[in-house]
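Analysis of the macromolecular model
This is what each chain is made of:
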Amino acid sequence: MAIILSVATPSSKIFWSCIGLYADIIKVCSPSQRLQHVAEEIARFCRKPPETAEQKWTRDMKDATSLAEYEKCTMALDHLQSHETWKEEKYSIEREYDPDLIQNNADLLQKAIASSDLSALQYHLRTGLSRDLGCMNSLRLYKHSWFGTKFLIDDYINTVLEAVDAFAELPIRFNLPNTEVRFYQQSLEDSLKFFGRSALTLSGGALLGMKHIGVVKTLWEAELLPDVISGASAGSIVAAIVGTSTDEHMYEVLERFPHSDLAVFDPPGTSSMGWLSQRAQTFLQSGAFFKMDNIKRVMKSWLGDITFREAHYKTGRTLNICVSSAGSGEPRLLNYVTAPDVLVWSAVCASCAVPSVFAPVNIYEKDPITKKEQLWMQNAQQMFVDGSLDHDIPMRKLEELFNVNFFIVSQVNPHVRSFLEPEEEFRGRQPRSAAPSRNWLQGIKAFLKEEIIHRSEQMADIGLARRSFRWASVINQQYTGDINIFPQIQTREYFHMMMNPTPEFMIEATRAGEVATWPRMCRIKNCVAIELALRQAIHRLRDHVNFGPEARAAREVKSRRSTSRGRAGGARSARPSFLRRRSLSIESSTQNNDGASSVRPLRVRRNASLGSIVLKPMTSSSSLGRSRALLSPQAGITSESLGEGLMMTLVTPVSAATAASPVMIDDEQSLNPEE
């Protein structure tokens, strides 16, 4: 025993193995039953040595049931394994990481905050914001510890959040007029436009696509769910349900979803023999194995007859569903911009129509006037199939339509996961090289992928029919984004991909999605926090302009003028609506030096990506001649107002003399309706 203690420490596995072996020998050789019993207890204890603190926190991290428990365990492990030292250091082994640039921008923002300099804050927020400033969004920076990254990055993001909050608070604190507040609001909108938007994209994967619900649940509970959501194939089911639910009902939807009717392949209660007979019958009738009626029934029960436009107005989110044309490789992205009146359930059915599994389908829309269901794009006569064929992750379309430049991808496609390079995982030891190593298996996968893409391009060049090599486009796509979430897939789940999910499977799938999202939450928060802060600041300034003291006072004055009759207190009475000059200006008309009023153009905000568009003012009604006067004396109209109205409606001879001299009407000779 003395020799064993000198070789191994009491906490090592070798020590306890030797003690257990020694106890087994005593148990066999000892004639005393009491000594045999003691030796047996010692041997049993040595086979399961006492758990260290590090092992305890690791076990608790794997068994965590919430994000709070998981983060508590990861922070404890970082403290035990001394990873906090790396976080405190300024530099790292990654060559592209530039901490000096990050520190310089943080110092400039702190200086502007301390001096309450609105101009400096405006300049830095418009020109200096970036998700990847100094490569601080590098994935490798989040592989040095269990929780978080460099403290410098956290401090910079907190400084930006403080600067955005100060920029939204200072105009209100200084009691600036609404015109200046609007200017600063527009400046924040420009900053958000330059910074870009984030999107959550949910891939296809048949039954495995139900794991997306755990990803959405984690992001929503942490208040980090992006407003732009996209889904393809099975991912369109989750995206449609989430994209049509308000925040007030989201918790109820997420809790009810695993226990709801999700029999999308067969009617509920179908037996094994019935499953085989239905497959044969459906294939003989339509050439596919499953009917679309089941998906249609499930999605109608969840969505009703809501359209993309109605879903956007209801929730404020931008729902996108990917579909593909059956006869060509033209991808389509359906949303409230490209297909505002399309029924969401119909788009989901089209996105789930995997060739040979489901037959191609039509897409239907709601007539804006009659509210009846009708065929979408009737003249085109197109049929639509699975959206994953041509763009499982529609990055280019989302970037063009909604200024999205940051993508959070939840990927569960089984054929895609086989070709993707596994993401580097942190297992308690910090990396010592500047870049992750690559093994021979990953090289073979990359070679096979490039070979398939090359052969498909050759087939296209020689002019073969597209349908003969269209399945190659499944490989020739971009399936990953800026942050990738890969829920774990069990081997047995591959054999049930075309079966109705059970409540037990849905609970396990939700758990798998949550567990896969937790390690990415620190990085997601660091990349999305600035965007969310800009959006909240814009809403704050907008509410102040629309509902602040100045806006309330203006509405009260307008209300008093609208209820007054004639001249009150020597002030000019409000004009009737038919006497007011019509224009597109939202501002009060200004007068030139010659007394003529000029109209300011209307600034219309389409959405965050388009900014403000200046429209030309409409032609004033005073420049249009009429054949006869349309006004008649009415009660409540002053002589001055009536004279001005008559001057706008009288017809003058077309000559140089009359064109040079305006028509004058004497107020004393004009009609006074009150006399």
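Residues numbered from 1 in each chain as written. Predicted model: local features only at pLDDT ≥ 70, side-chain atom pairs only at ≥ 80, totals over all residues. Heavy atoms only, no water.

UniProt's entry tags Ser233 and Asp386 with the feature "active site" (unreviewed entry), counted in the numbering of this structure. Maximum C-alpha separation among the annotated residues is 5.8 Å over a sequence range of 154 residues, consistent with a single clustered spot. The residue Ser233 is located in the loop between strand E2 (228-232) and helix H12 (234-243) in this model. Contacts of Ser233, omitting those with residues within four sequence positions, involve Gly204, Ser351, Cys352, Val354, Asp386 and Ser388. Topologically, Asp386 is positioned in strand E7 (residues 384-386). Judged by its relative accessible area of 6%, Asp386 is buried. Once you skip the residues sitting within four places of it in the chain, Asp386 turns out to touch Ser233, Ser324, Ala350, Ser351, Ala353, Val354 and Pro355. (UniProt positions renumbered as here; feature names shortened; annotations may be inferred. Helix = DSSP H or I, 4+ residues; strand = E, 2+ residues; numbered from the N terminus. Contact = heavy atoms within 4.5 Å. Buried < 20%, exposed > 50% of the residue type's maximum accessible area, 1.4 Å probe, protein only.)

The end-to-end C-alpha distance of helix H9 (residues 151-173) is 32 Å, a good match for the 33 Å that 23 residues give at a rise of 1.5 Å each. Just beyond H9, the residue with positive phi is Asn175, at close to 55°. (Expected span 1.5 Å × (residues − 1).)

Another point: the packing of H12 against helix H17 (residues 344-351). Two numbers describe how H12 lies on H17: the axes approach to 8 Å, and their chain directions differ by 165°. The orientation of H12 relative to H17 falls into the category roughly antiparallel. You can see that H12 and H17 cross each other, and the crossing is right-handed. The segment H12 lies against H17, with Ser236, Ile237 and Ala240 engaging Val344, Val348 and Ser351. (Axes fitted to C-alpha atoms, helices over the stretch in contact; angles between N-to-C directions. Parallel < 35°, antiparallel > 145°, perpendicular 65-115°, else oblique. Left-handed = near helix turned anticlockwise from the far one by under 90°.)

Here we take up empty space enclosed by the protein. If you roll a probe as big as a water molecule over the atoms, it shows you where there is empty space left. Applying the stated criterion across every chain, the model contains two cavities of 30 Å³ or more. If you trace the second largest cavity, you find it lined by Arg131, Met136, Asn137, Tyr142, Ile157, Asn526 and Cys527. Across the lining of the second largest cavity, the residue classes break down as four nonpolar, two polar and one charged. (1 Å grid on protein atoms, 1.4 Å probe; cavity = no way out; pocket = protein on both sides within 12 Å on 5 of 7 lines; lining within 4 Å. Points joined across faces, edges and corners; volume = space filled by probe spheres on them. Nonpolar A, V, L, I, M, F, W, Y, C, P; charged D, E, K, R; others polar.)

What follows concerns the packing of aromatic side chains. Scanning the entire structure with this criterion turns up 11 aromatic pairs. When the centroid spacing of 5.4 Å and the interplanar angle of 65° are considered together, the rings of Phe183 and Tyr184 count as edge-to-face. Overall, Tyr184 belongs to the buried group, its relative accessible area being 11%. Grouping aromatic residues by their ring pairs yields a cluster made of Phe167, Phe183 and Tyr184. Residue placement shows Lys150 over the ring face of Trp86; its charged tip is 4.3 Å from the ring centre. A cation sits over an aromatic face here: Lys300 above Trp345, 4.7 Å from the ring centre. (Phe/Tyr/Trp six-rings, centres within 6.5 Å; stacked < 30°, edge-to-face > 60°. Lys NZ or Arg CZ within 6 Å of the ring centre and 35° of its normal.)

Turning to its location among the elements, Ser230 is positioned in strand E2. When near neighbours in sequence (up to four residues on either side) are disregarded, Ser230 contacts Leu200, Thr201, Leu202, Ala239, Asn320, Cys322, Leu333, Pro394 and Leu398.

Glancing now at the pattern of salt bridges. Pairing between side chains of opposite charge can happen when the charged atoms of each approach one another. Evaluation of the coordinates by the stated rule reveals 24 salt bridges. The residue Glu189 makes a salt bridge to Arg542 at a minimum N-O spacing of 3.1 Å. Residue Glu189 is found in helix H10 (residues 178-195), and its partner Arg542 is found in helix H23 (residues 521-547); the two are separated by 353 residues along the sequence. A residue is classified by how much of its surface remains accessible, and Glu189, at 6% relative accessible area, is buried. Note that Arg297 is salt-bridged to Asp261, the shortest N-O span being 2.5 Å. With Arg297 in helix H15 (residues 293-303) and Asp261 in the loop between helix H13 (247-256) and helix H14 (272-286), this residue pair connects regions lying 36 residues apart in the sequence. When its relative accessible area of 32% is taken as the criterion, Arg297 is described as partly exposed. (Salt bridge = Lys/Arg side-chain N within 4 Å of Asp/Glu carboxyl O.)

Counting 90 residues, the largest nonpolar core has Met210, Phe257, Met299, Phe308, Ile321 and Val344 as its most contacted members. In this structure, Met210 is in contact with Ala234, Ile237, Val238, Phe257, Leu262, Phe505, Met506 and Ala509, ignoring residues within four places of it in sequence. (Core = buried A, V, L, I, M, F, W, Y, C linked by side-chain atoms within 4.5 Å.)

With that settled, consider the pairing of strand E3 (residues 318-325). Counting buried positions along E3 gives eight out of eight residues, so the element sits mostly inside the fold. When E2 meets E3, the two strands line up parallel, connected through five bridges. Paired with Ser230 across the two strands is Asn320, which belongs to E3. The sheet contact formed by E3 and strand E4 (residues 331-334) spans four bridges and is antiparallel. Its bridge partner lying in E4, Ser324 is registered against Pro331. As defined by bridge partners, E3 adjoins E7 across three bridges and the pair is classed as antiparallel. Bridged to Val323 within E7 is Asp386. (Pairing = 2+ DSSP bridges.)

Below, the discussion takes up the confidence of the model for the protein chain. Confidence in the prediction for the protein chain averages 78 pLDDT; 74% of positions are at 70 or higher. Of the regions scoring below 50 in pLDDT, residues 1-10 engages in 10 contacts with residues more than four places distant in sequence or in other chains. Note that residues 648-675 has pLDDT below 50 and, in this model, 26 contacts with residues that lie over four places away or in other chains. (pLDDT = per-residue confidence, 0-100.)

Quick look at the layout of surface pockets now. The volume enclosed by the second largest pocket comes to roughly 1400 Å³. Taken together, 39 residues line the second largest pocket, and the ones lying closest to its centre are Glu425, Val515, Ala516, Pro519 and Arg520. Where the lining of the second largest pocket is concerned, the elements lending two or more residues are helix H4 (53-62), helix H5 (67-80), helix H22 (503-517) and H23. No other element matches the five residues that H22 contributes to the lining of the second largest pocket.

Looking now at the environment of Phe406. Residue position: Phe406 is located in strand E8 (residues 404-410). Separated by 11 residues in the primary sequence, Phe406 and Met395 have C-alpha atoms spaced 9.0 Å apart. In contact with Phe406, other than residues within four places in its own chain, are Arg131, Asn137, Arg197, Ser198, Ala199, Asp482, Ile483, Cys527 and Val528.

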